[in-house]
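Here's the letter readout for the chains.
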Amino acid sequence: MSDVPRDIVFTRHDASHGLRWLRDAAMMFAQARIGWLALLLAYYLVLAAIRVVPFVGAIAVFLLKPVFAVGFLAAAWTVERGGKPRTRHLLQGFQSNLSALLPIGVVIVLGISVAALASALVDGGKLIEFITNPPPASATEGAEKVESVLGDTSVQIGMLLAALCALPVVLAVWFAPALVVFQDVRASQALAVSLRAAVANWRPLAVYALAVFVFAGIMPTVLVAMLSLVLAGLSEGVRAMLTYAVVLPYVAMIVAIMQIADYVSYRDLFHAGETLAPLPGR
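Procedures and definitions
Residues numbered from 1 in each chain as written. Predicted model: local features only at pLDDT ≥ 70, side-chain atom pairs only at ≥ 80, totals over all residues. Heavy atoms only, no water. Helix = DSSP H or I, 4+ residues; strand = E, 2+ residues; numbered from the N terminus. Rg over C-alpha atoms; globule rule 2.2 N^0.38 Å. Buried < 20%, exposed > 50% of the residue type's maximum accessible area, 1.4 Å probe, protein only. Contact = heavy atoms within 4.5 Å. Areas by Shrake-Rupley, 256 points an atom, 1.4 Å probe, with all protein chains shown as cover. Lys, Arg positive; Asp, Glu negative; His and termini not counted. Charge placed at Lys NZ, Arg CZ, Asp CG, Glu CD. 1 Å grid on protein atoms, 1.4 Å probe; cavity = no way out; pocket = protein on both sides within 12 Å on 5 of 7 lines; lining within 4 Å. Points joined across faces, edges and corners; volume = space filled by probe spheres on them. Nonpolar A, V, L, I, M, F, W, Y, C, P; charged D, E, K, R; others polar. Polar contact = N/O pair within 3.5 Å; in protein donor to acceptor, adjacent residues only side chain to side chain. Salt bridge = Lys/Arg side-chain N within 4 Å of Asp/Glu carboxyl O. Core = buried A, V, L, I, M, F, W, Y, C linked by side-chain atoms within 4.5 Å. Expected span 1.5 Å × (residues − 1). Phe/Tyr/Trp six-rings, centres within 6.5 Å; stacked < 30°, edge-to-face > 60°.

Draft legend 1. The arrangement of the overall build of the protein chain in detail. Looking only at helices and strands, the protein chain has 12 helices and 0 strands in total. Its helices and strands in sequence order give the protein chain the pattern α-α-α-α-α-α-α-α-α-α-α-α, from N to C terminus. Against the globule reference of 19 Å for 282 residues, the protein chain gives a C-alpha radius of gyration of 20 Å, in line with a compact fold. Across its three principal axes, the protein chain shows a C-alpha extent of roughly 60 × 45 × 40 Å. For the protein chain, the residues scored as buried account for 39% of the 282 residues in total. Sequence separation of 24 or more characterises 75% of the internal contacts of the protein chain that already satisfy a separation of 6 or more. Within the structure as shown, the protein chain displays about 15400 Å² of accessible surface, and the carbon and sulfur contribution to it stands at 69%. The averaged location of the 16 negative side-chain charges in the protein chain is 10 Å from the averaged location of its 19 positive side-chain charges.

Draft legend 2. The arrangement of the layout of surface pockets in detail. As a volume, the largest pocket reaches approximately 1600 Å³. Taken together, 46 residues form the lining of the largest pocket, with Phe62, Lys65, Ile108, Val170 and Val173 sitting closest to its centre. Per-element tally for the lining of the largest pocket: the top contributor is helix 5 (residues 98-123), with 9 residues. Residue composition of the lining of the largest pocket, by class: 38 nonpolar, 5 polar and 3 charged.

Draft legend 3. A look at the side chain of histidine 89. By the secondary structure assignment, histidine 89 is in the loop between helix 4 (65-80) and helix 5. By relative accessible area, histidine 89 is classed as buried at 9%. Among the polar contacts listed, one links the side chain of histidine 89 to the side chain of threonine 78, at a separation of 3.4 Å. Among all residues touching histidine 89, those that are not within four sequence positions of it are Gly71, Ala74, Ala75, Thr78 and Lys84.

Draft legend 4. Structural view of the pattern of salt bridges. Evaluated as defined, the whole model comprises 2 salt bridges. The salt bridge involving arginine 23 is made with aspartate 24; its shortest N-O contact spans 3.0 Å. Among the residues examined, arginine 23 registers a relative accessible area of 47% and is labelled partly exposed. Here arginine 267 makes a salt bridge to glutamate 80, at a shortest N to O gap of 3.3 Å. One end of the pair, arginine 267, is in helix 12 (residues 236-270); the other, glutamate 80, is in helix 4, with 187 residues separating them in the sequence. Of the residues examined, arginine 267 reaches a relative accessible area of 10% and is grouped as buried.

Draft legend 5. Structural detail: the side chain of glutamine 183. Relative to the assigned elements, glutamine 183 resides in helix 9 (residues 176-183). Exposure remark for glutamine 183: the relative accessible area of 13% places this residue in the buried category. A polar side-chain atom of glutamine 183 sits 3.2 Å from a polar atom in the side chain of tyrosine 266.

Draft legend 6. Focus on the nonpolar core. In this structure, Trp36, Phe175, Leu179 and Phe270 are the most contacted members of the largest nonpolar core, which totals 61 residues. When residues in this core are grouped by element, the largest group, 9 residues, is from helix 12. When residues no more than four places from it in sequence are discounted, the contact partners of phenylalanine 175 are Ser194, Ala198, Ser265, Tyr266, Leu269 and Phe270. In this structure, Leu223, Val247, Tyr250 and Ile254 belong to the second largest nonpolar core, which totals 6 residues.

Draft legend 7. Layout of helix 11 (residues 202-230). With 29 residues, helix 11 ought to run about 42 Å at 1.5 Å a step, and its terminal C-alpha atoms sit 40 Å apart, in line with that. Turning to helix 11, its buried residues number three or more, namely Pro204, Leu205, Tyr208, Ala211, Val212, Pro220, Leu223 and Leu227. The elements touched by buried residues of helix 11 are helix 1 (17-31), helix 8 (153-174), helix 10 (187-200) and helix 12.

Draft legend 8. The arrangement of the packing of aromatic side chains in detail. In the structure shown here, the tally under the stated rule is 12 aromatic pairs. For the pair phenylalanine 68 and phenylalanine 94, a centre-to-centre distance of 5.6 Å together with 70 degrees between the ring planes defines the contact as edge-to-face. Of the two residues, phenylalanine 68 sits in helix 4 while phenylalanine 94 sits in the loop between helix 4 and helix 5, which places them 26 residues apart along the sequence. On the basis of relative accessible area, phenylalanine 68 is assigned to the buried category, the value being 2%. Ring geometry for tyrosine 266 and phenylalanine 270: centres 5.2 Å apart, planes at 25 degrees, overall stacked. With tyrosine 266 and phenylalanine 270 both in helix 12, this residue pair falls 4 residues apart, about one helical turn. A residue is classified by how much of its surface remains accessible, and tyrosine 266, at 1% relative accessible area, is buried. For phenylalanine 270, a relative accessible area of 7% puts it in the buried group. An aromatic cluster is built from Phe10, Trp21, Trp174, Phe175, Phe182, Tyr208, Tyr263, Tyr266 and Phe270, whose rings are joined through pairwise contacts.

See the structure below:
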């Protein structure tokens, strides 16, 4: 890694590229569905194992997010060159500038802490308590708790303030892992360049965020509502099983596509128009 910072050029795109990122990511996902889903499953199993570590597990999950993000970047880079995503890609970040990736994780932890503190100052900690405490076992009680908490004006204001506080951190870490791995820069420069590129491309990022909200936020809710109507005559257990059988694969697909879109958007901004050489033997 060079000690001399260098200028990193990025392209400014119009708003339509936000949808293009999702489209291209979906096409890349379609090339190796099983491989991507296996990688995603391995990722969440590893996160679950880390989370149960006493005292440090919850923080370690966020510290290591940039490291594991490199796994999806490496898998996407491989697929773009004609290869397949493998579960071994998940550990690629531990071999690629780990000393620069971990500080990005520290920034994520600090950003989450500031956002949580901001919401607590407004709602007295109601949002944090709601997130950290498990919901009631009863579906009815759970729905009532959600309605009670999210219907509270102070919680709504706290959520808005937390989102505003977290936004600069989100933009700073968006492209940072890719910049560290593919352009061999230090964490501080990667964060700064990512923030500048994200602000300069706020239009496609806003369109991308809106599309993600529709596909990952609204569509699952619509699916559940439709299935509830279609399966109304079945027992509660069968209805729940069939609902999960439909909704969970959809959610897994969307999450995988979002992971791939991180790579697609990075390539579009920092390597616009470039093509990669195919893997040997392809």
